[in-house]
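# What the coordinates show
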Amino acid sequence: MASIVETAIRSVVTKGVETVATFNRKRQSTSRRHTFLSGIHAPVAEERTITDLTVTGTIPPELSGRYLRIGPNPFSPDPRGYHWFVGDGMVHGVCLKAGKAQWYRNRYIRSRNLEAAGGPPAAPGPRISSDFDTVNTNIIGHGGKTYALVEAGSFPVELSYDLESIAYTDLEGTLQVPFTAHPHEDPQTGELHAITYNGATHDKVWYVRVSPKGNITREVTIPVQHGPSIHESSITAKYVLVCGLPVTFSMRAMIGGATFPYRWNPAHKPRIGLLPRDGEAADIIWCDVEPAYIFHVANSFDTAEGTVVVDLCVYETMFEAPSDGGVDGPIGKPLGLERWTIDPATRKVSRQTIDATAQEFPRPDERFFGQPYQYMWSMGLPTSDPAIVGHAPILAFDLHTGKRTVRDFGPGKVPGEFVFVPASPDAPEGHGWLMGYVIDASSKTTDLVILNAQDIAAEPVAAIHIPCRIPPGFHGNWLAD
């Protein structure tokens, strides 16, 4: 009975908070120029299919598949309370076959929120929440299917080859908790590993494991405090890494009308947890770390000495509200690329700077994820305002030699995340191509650029010219046929 009463009280309290939040949001200005609703971030108004794409250079004939990326594209944009992370999801893709660019397509993720805003009808399938089903953060292939992903409250969305939303999915009834935007595949087993959380649940997060066929085979509940935002996790041969860093749910931000109510919380103890792959929550080795925040891990692995190494892009703080209280994007001071060495014996984390350049979206050769590795690539952040995507280079690192290579696309050219594609399944590490979208801010067009991953400063291998602007998005992948 106590649980029934508690649920009823929480329901009333939640509805009251939402009423106040909506009231305060409507009091905000509708006329201000919102950074993430204007310029290169302005939403695109239509879904398109373009088949007459022109190409500079030569598309490698080995590339047969789709480069897909997803990001926010609000159907009915309202600057009041808007945060970049909550816009309606839209996927942009280019299909390559036999040395040709067959098509470019962009399609909305058919959420109920989108339909309620006047968009196309929602896709069928189960939802974990009646209030939240926007999916806009990552897109992966697994078990022969294509999934769009988001964190903190929604099931994945299965997409067709042509990027139409087929259905929301609970993975044949095996997924009982929200999923994540950043599952990591173990290339040795084909399993996905993820730490997931629910924005409405503040005292627990979950570890879930997905089989190569696409079903949940393991779920572990992990007690936490303050409702932490856990965007990323990682794996090694022994452990799953749990990031307990000081960005947490903020009731003050929510009541103020924020649609993404997470803020920097100095009261939240920063730590990294090492969960043995087959362990329970009580087996987690929690290791203290200096206050910092991360969105993305490049890779992690076990060492012969018994420590764990993880390479990641680090911020001094994140979502620390300015004096006016407004936070509409990733506001934080970037510290560059760091290597954290986690010692389960001392329960401490030591930090070393690999490269102090402001950067994000680190990507390795995924065939070596969770293992010692040599190569990684990342996207630079503009030094004028690191919170905003803009003119910046792509960076390549040889972690064995310390060599760093820079690729600048020129004034007004804005790259997004670039992903590595191996030349063949058994090619040596780092031998293949790097590909990603580059916006031309002046012409309002976009190129899918393919670089030689071993020499990104050389002329592009190919550039597929897309005669429209693809707004800066979040994550994507090459999904080979």
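Residues numbered from 1 in each chain as written. Predicted model: local features only at pLDDT ≥ 70, side-chain atom pairs only at ≥ 80, totals over all residues. Heavy atoms only, no water.

### Regarding the overall build of the protein
Defined as follows: Working definition: helices are DSSP H or I runs of at least four residues, strands are E runs of at least two. Numbering for both runs from the N terminus. Note that the radius of gyration is over C-alpha atoms, with the globule rule given as 2.2 Å times the number of residues to the power 0.38. Residue contacts are defined here by distance: any two heavy atoms, one from each residue, within 4.5 Å place the two residues in contact. Here Asp and Glu are counted as negative and Lys and Arg as positive; His is not counted, and neither are the chain ends. Charged groups are reduced to one reference atom each: NZ for lysine, CZ for arginine, CG for aspartic acid, CD for glutamic acid.
Of the regular secondary structure elements, the protein holds three helices and 33 strands. Relative to the compact-globule value of 23 Å for 481 residues, the protein shows a C-alpha radius of gyration of 21 Å, a close match. The principal-axis extent of the C-alpha atoms belonging to the protein is close to 65 × 55 × 45 Å. For the protein, contacts bridging at least 24 residues in sequence account for 60% of all contacts bridging at least 6. The positive charge centre, built from 42 side chains, and the negative charge centre, built from 52, are 5 Å apart in the protein.

### What to know about the pattern of salt bridges
The line we're drawing: Salt bridge, as used here, is a side-chain nitrogen of Lys or Arg placed within 4 Å of a carboxyl oxygen of Asp or Glu. To sort residues, take the accessible area from a 1.4 Å probe on protein chains only and compare it with the maximum for the residue type: under 20% means buried, over 50% means exposed, and anything in between is partly exposed.
Within the structure shown, the criterion is met by 20 salt bridges. Between Glu-366 and Arg-363 there is a salt bridge, with its nearest N and O atoms 3.2 Å apart. What makes Arg-363 buried here is its relative accessible area of 11%. The network of salt bridges with shared partners includes Glu-47, Arg-107, Arg-110 and Glu-164.

### Some words on the packing of aromatic side chains
Stated precisely, the cut-off is as follows: By convention, a stacked pair of Phe, Tyr or Trp rings (six-membered ring in the case of Trp) has centres within 6.5 Å and planes under 30 degrees apart, an edge-to-face pair has planes over 60 apart, and any other such pair is tilted. Both a distance and an angle decide whether a charge sits over a ring: NZ of Lys or CZ of Arg must be within 6 Å of the ring centre and within 35 degrees of the ring normal.
Counted by the stated rule, this structure contains 20 aromatic pairs. Judged by centre distance (6.2 Å) and plane angle (40 degrees), the rings of Trp-84 and Phe-85 are tilted. Residue Trp-84 is classed as buried on the basis of its relative accessible area, which comes to 6%. Taken together through their ring pairs, the aromatic side chains of Phe-36, Trp-84, Phe-85, Tyr-197, Phe-249, Phe-260, Tyr-262, Tyr-293, Phe-295, Tyr-315, Phe-319 and Phe-474 make up a single cluster. Across from the ring centre of Tyr-161, 4.2 Å away, lies the NZ or CZ of Arg-66, which sits over that ring. A cation sits over an aromatic face here: Arg-105 above Trp-103, 4.5 Å from the ring centre.

### A look at the sheet that holds strand β12 (residues 204-210)
Just so we agree on the cut-off: Pairing between strands is defined by DSSP: at least two bridges between the two strands are required.
Read from one edge to the other, the open sheet built from four strands follows the order β10-β11-β12-β13, with strand pairing classed as antiparallel. Each edge of the open sheet is held by one strand with a lone partner, namely β10 (184-185) and β13 (216-223).

### Points about the environment of Thr-49
Relative to the elements of secondary structure, Thr-49 occurs in strand β1 (residues 49-50). Residue classification places Thr-49 among the partly exposed residues on the basis of a relative accessible area of 41%. Between the alpha carbons of Thr-49 and Ala-122 there is a distance of 20 Å; along the sequence they are 73 residues apart. Not counting chain neighbours up to four residues away, the residues in contact with Thr-49 comprise Tyr-104, Arg-105 and Arg-107.

### Considering the nonpolar core
Under the convention used in this document: Nine residue types can take part in a nonpolar core, namely buried Ala, Val, Leu, Ile, Met, Phe, Trp, Tyr and Cys, and a core is a set of them joined through side-chain atoms within 4.5 Å.
One finds Ile-222, Trp-340 and Ile-342 to be the most contacted residues of the largest nonpolar core, which totals 75 residues. In this structure Trp-340 touches Ile-272, Val-289, Ala-292, Ile-294, Val-308, Val-309, Val-310, Leu-312, Val-314, Val-349, Ser-350 and Arg-351, once residues within four positions along its chain are discounted. Counting residues in each nonpolar core, the second largest holds 22 residues, with Ile-59, Leu-63, Ala-101 and Ala-462 among its members.

### A few points about a nonpolar patch on the surface
Our working definition: Within this analysis, patches are made of residues with over 30% relative accessible area and no salt bridge. Like charges are joined at 9 Å or less; nonpolar side chains (Val, Leu, Ile, Met, Phe, Trp, Tyr) at 5 Å or less. Reported accessibility uses the Shrake-Rupley method at a 1.4 Å probe radius. Residues are deemed covered only where the shown protein chains occlude them.
Together, Val-20, Met-251 and Ile-255 make up a nonpolar patch on the protein surface, roughly 210 Å² of accessible area in all. By relative accessible area, which is 38% here, Met-251 ends up partly exposed.

### Looking at unusual backbone geometry
Here Leu-171, not a glycine, exhibits a phi torsion of approximately 55 degrees, which is positive. Mapped onto the secondary structure, Leu-171 falls in the loop between β9 (165-168) and β10. Judged by its relative accessible area of 7%, Leu-171 is buried. One non-glycine residue, Phe-319, lies in positive phi territory at about 55 degrees. Positionally, Phe-319 belongs in the loop between β21 (308-315) and β22 (334-343). Judged by relative accessible area, Phe-319 falls into the buried class, the value being 1%.

### Regarding the confidence of the model for the protein
Put simply, the rule reads: The predictor attaches a confidence to each residue, called pLDDT, with possible values from 0 through 100.
Per-residue confidence for the protein averages 93 on the pLDDT scale, and 96% of its residues sit at or above 70. Note that pLDDT drops below 50 for residues 1-12; the model gives that stretch zero contacts with residues more than four away or on any other chain.

### Describing the sheet that holds strand β24 (residues 359-364)
Note the threshold: Between the N-to-C directions of two axes lies an angle of 0 to 180 degrees, each axis being a line fitted to C-alpha atoms and, for a helix, fitted only over the stretch in contact.
A sheet is described by the order of its strands in space; here four strands give the open sequence β24-β25-β26-β27, paired in antiparallel fashion. Looking at which strands have only one partner, the edges of the open sheet turn out to be β24 and β27 (404-407). Each strand axis lies, on average, 20 degrees off the axis of its neighbour in the sheet, ignoring direction. Direction of pairing for strand β25 (residues 375-380) relative to strand β26 (residues 394-398): antiparallel, over a ladder of five bridges. When the bridges of β26 are listed, Ser-378 appears paired with Leu-395.

### Digging into the environment of Thr-307
Considering the arrangement of structural elements, one finds Thr-307 in the loop between β20 (293-302) and β21. Classification of Thr-307 by relative accessible area gives buried; the value is 14%. Residues Thr-307 and Val-240 lie 67 residues apart in sequence; the distance between their C-alpha atoms is 13 Å. Beyond its immediate sequence surroundings of up to four residues, Thr-307 is in contact with Phe-301, Asp-302, Thr-341, Ile-342, Asp-343 and Pro-344.

### Concerning the side chain of Asp-88
So the rule is basically this: Here a polar contact means two N or O atoms within 3.5 Å. Within protein one must be a hydrogen donor candidate and the other an acceptor candidate, and residues neighboring in sequence count only if both atoms are side-chain atoms.
Tracing the sequence through the fold places Asp-88 in the loop between β3 (65-72) and β4 (89-97). Within polar-contact distance, the side chain of Asp-88 engages the backbone nitrogen of Phe-75 at 2.8 Å. For Asp-88, the residues in contact, after removing those within four places along its chain, are Gly-71, Pro-72, Asn-73, Pro-74, Phe-75, Tyr-108, Ser-111, Leu-114, Thr-134 and Asn-136.

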